[in-house]
2 protein chains.
Amino acid sequence: MSIPSIRIQPYCLELPVWITDYLAQQPETYPTPDARMDLVITLAQLNIQYGTGGPFGAGVFRLDTQELVAPGVNLVLSSKSSMAHAEIVAMLMAQQIVGSHNLGAIGFPTHELVTSCEPCSMCLGGISWSGVRHIVCGARGSDAEAVGFDEGPKPANWIVELEQRGIAVTMDIRRTSASSVLQQYVQNGGEVYNGRKG
Amino acid sequence: MSIPSIRIQPYCLELPVWITDYLAQQPETYPTPDARMDLVITLAQLNIQYGTGGPFGAGVFRLDTQELVAPGVNLVLSSKSSMAHAEIVAMLMAQQIVGSHNLGAIGFPTHELVTSCEPCSMCLGGISWSGVRHIVCGARGSDAEAVGFDEGPKPANWIVELEQRGIAVTMDIRRTSASSVLQQYVQNGGEVYNGRKG
């Protein structure tokens, strides 16, 4: 008995067009955590400016060459996909580029995820499985919550949990700058969708 | 200064071909949690049998008509994407089908996620943002951990956290049957990848 209502089309996610143009004008390397965070904060700002999504940016970098492997921005509303948080987008794009589900596979350089805001519960789990070995966070979860976003069901000791899985965590890089992106978004009437942050 | 190494191709995820054929031979409705769980357990078994992924199946159902909206199976290795856990796959396919990031939007029927195994930390967060209002679990996280999979950084009170967000949780539906899929997979030499379960 057929189920004609199920059309199982592929799920496809594309980065906004402006990202390619923007990155083409940037340096090839990002030698410090501050430099990497400045990039992902700018991605968050541009994402709002171009109307392509929420106030969150991310990037996966390779630490041997300090190059960006893949960027990510929040695409929940524009892609109709609650999974499309900036961190998830950056990680899945990076995995496609390197050709593996595991960015920490033998033979790969160390990969770092930089995110303009502390990961929500979904992104926290996603980070655990991705193979990244460092994460660098800008704004804190409390900064996102202060403007109405929800972090979701995260354990209080999430940093320890990541460290136990071989993932180092650096917090508060450009925190003020990253938080201001969230504040301005909400002050300008940006939608704080049920899908929360990311 | 261009970054020629970044080719920002779309990320695309496709369900395996066998799913369409299999579902075409199933009933149109799944009137009970047991019936829905039997389907997703079979999806997990077939996923292993056809070599398309890990021992996990899921589905998003609409509870008004008891129809399947979208299936999901673990596609981490085959899609080179650590995000492609069965629950995530089912939810993102369902959102594409209904045309919204929020399966709980006003005017939509109640959507339920049925999963052959308790969600990992990433899927737990994903569930929180998806708009589903019920989840039904087969095997427990402890059953997955017993065969080597990792649940990730989940809070101990994850069920309460979901309930506080308006998501009801039913556990242990066909637990023995669902657990046996995990056990057989590992006994037959199935890969317990770093990406853990899902």
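Above this text sits the structure in question.
Now for a look at the structure at hand. Note that the structure is a prediction, hence the values are computed from the model and not measured.

So, how was this worked out
Residues numbered from 1 in each chain as written. Chains lettered and ligands numbered in written order. Predicted model: local features only at pLDDT ≥ 70, side-chain atom pairs only at ≥ 80, totals over all residues. Heavy atoms only, no water. Helix = DSSP H or I, 4+ residues; strand = E, 2+ residues; numbered from the N terminus. Expected span 1.5 Å × (residues − 1). Buried < 20%, exposed > 50% of the residue type's maximum accessible area, 1.4 Å probe, protein only. Arc of directions from axis to C-beta. Pairing = 2+ DSSP bridges. Axes fitted to C-alpha atoms, helices over the stretch in contact; angles between N-to-C directions. Contact = heavy atoms within 4.5 Å. Parallel < 35°, antiparallel > 145°, perpendicular 65-115°, else oblique. Left-handed = near helix turned anticlockwise from the far one by under 90°. Nonpolar A, V, L, I, M, F, W, Y, C, P; charged D, E, K, R; others polar. Least-squares fit on C-alpha atoms with pLDDT ≥ 70 in both. Buried area = accessible area lost by both parts, 1.4 Å probe. Salt bridge = Lys/Arg side-chain N within 4 Å of Asp/Glu carboxyl O. Polar contact = N/O pair within 3.5 Å; in protein donor to acceptor, adjacent residues only side chain to side chain.

Another aspect to go through is helix α8 (residues 175-187) of chain A. Since the α-helix turns once every 3.6 residues, residues separated by three or four places project in the same direction. Residue and element names in this part refer to chain A. For α8, which comprises 13 residues, the first-to-last C-alpha distance of 18 Å matches the rise-based estimate of 18 Å (1.5 Å per residue) to within 8%. Restricting attention to buried positions, one finds in α8 the residues Ala-178, Ser-179, Val-181, Leu-182 and Tyr-185. The buried residues of α8 occupy an angular sector of 145° when the element is viewed end-on, so they sit on one face. Within α8, the exposed residues directed more than 90 degrees away from the buried face are Thr-176 and Gln-187.

With that settled, the discussion passes to the sheet that holds strand β6 (residues 168-170) of chain A. Strands in a sheet are paired, the pairing made by backbone hydrogen bonds, and the direction either parallel or antiparallel. All names here are of chain A. Strand order in the open sheet made by the five strands is β3-β2-β4-β5-β6, with mixed pairing throughout. The sheet is open, and its two borders are formed by β3 (67-73) and β6, each paired with just one other strand. On average, each strand axis in the sheet is inclined to that of its neighbour by 20°, with strand direction left out of account. Direction of pairing for strand β4 (residues 111-117) relative to strand β5 (residues 134-139): parallel, over a ladder of five bridges. Within β5, the position partnered with Thr-115 by the bridge is Cys-137. Against the sheet, α8 engages β4 and β5, with an angle of about 60° to β5.

Residue and element names in this part refer to chain B. At their nearest, the axes of helix α1 (residues 17-24) and helix α2 (residues 33-49) sit 11 Å apart, and the two run at 140° to each other. In terms of orientation, α1 and α2 fall into the oblique class. Both α1 and α2 take part in a crossing whose hand is right-handed. Contact residues: α1 offers Trp-18, Tyr-22 and Leu-23, while α2 offers Leu-39, Thr-42, Leu-43, Leu-46 and Asn-47. The residue inventory of the contact of α1 with α2, partitioned by class, reads six nonpolar, two polar and no charged.

The next subject is the environment of Val89(B). All names here are of chain B. By secondary structure assignment, the location of Val-89 is in helix α4 (residues 86-98). Since its relative accessible area comes to 0%, Val-89 is described here as buried. Here the alpha-carbon distance between Val-89 and Leu-13, two residues 76 residues apart in the chain, equals 8.4 Å. Setting aside its immediate chain neighbours within four residues, Val-89 contacts Leu-13, Leu-15, Pro-71, Gly-72, Val-73, Leu-75 and Ala-84.

Applying a rotation about an axis and a shift along it to one chain copy brings it onto the other copy. When chain A is fitted onto chain B, the two copies agree to an RMSD of 0.0 Å after a turn of 180° and an axial shift of 0.0 Å. A rotation of that kind, with that shift, is consistent with a two-fold axis. An overlap of 98% is found between the interface residues of chain A and their copies at the interface of chain B, pointing to a shared contact surface.

What follows deals with the interface of chain A and chain B. Each partner contributes residues to the interface: chain A has 65 residues there, and chain B has 65 residues. Here chain A and chain B share an interface that buries about 5200 Å² over both sides, 63% of which is from carbon and sulfur atoms. It is Tyr11(A), Trp129(A) and Pro153(A) in chain A that bury the most area against chain B; as a group they hold 16% of the surface buried on that side. Counting the contacts that link chain A with chain B gives two salt bridges. Remark: the boundary between chain A and chain B carries nine residue pairs in polar contact (both at pLDDT 80 or more). Of all the elements in the fold, those that place two or more residues in the side of chain A that touches chain B are β1 (11-13), α1 (17-24), β3, α3 (76-79), α4 (86-98) and α5 (121-130) of chain A. Per-element tally for the side of chain A that touches chain B: the top contributor is α5(A), with eight residues.

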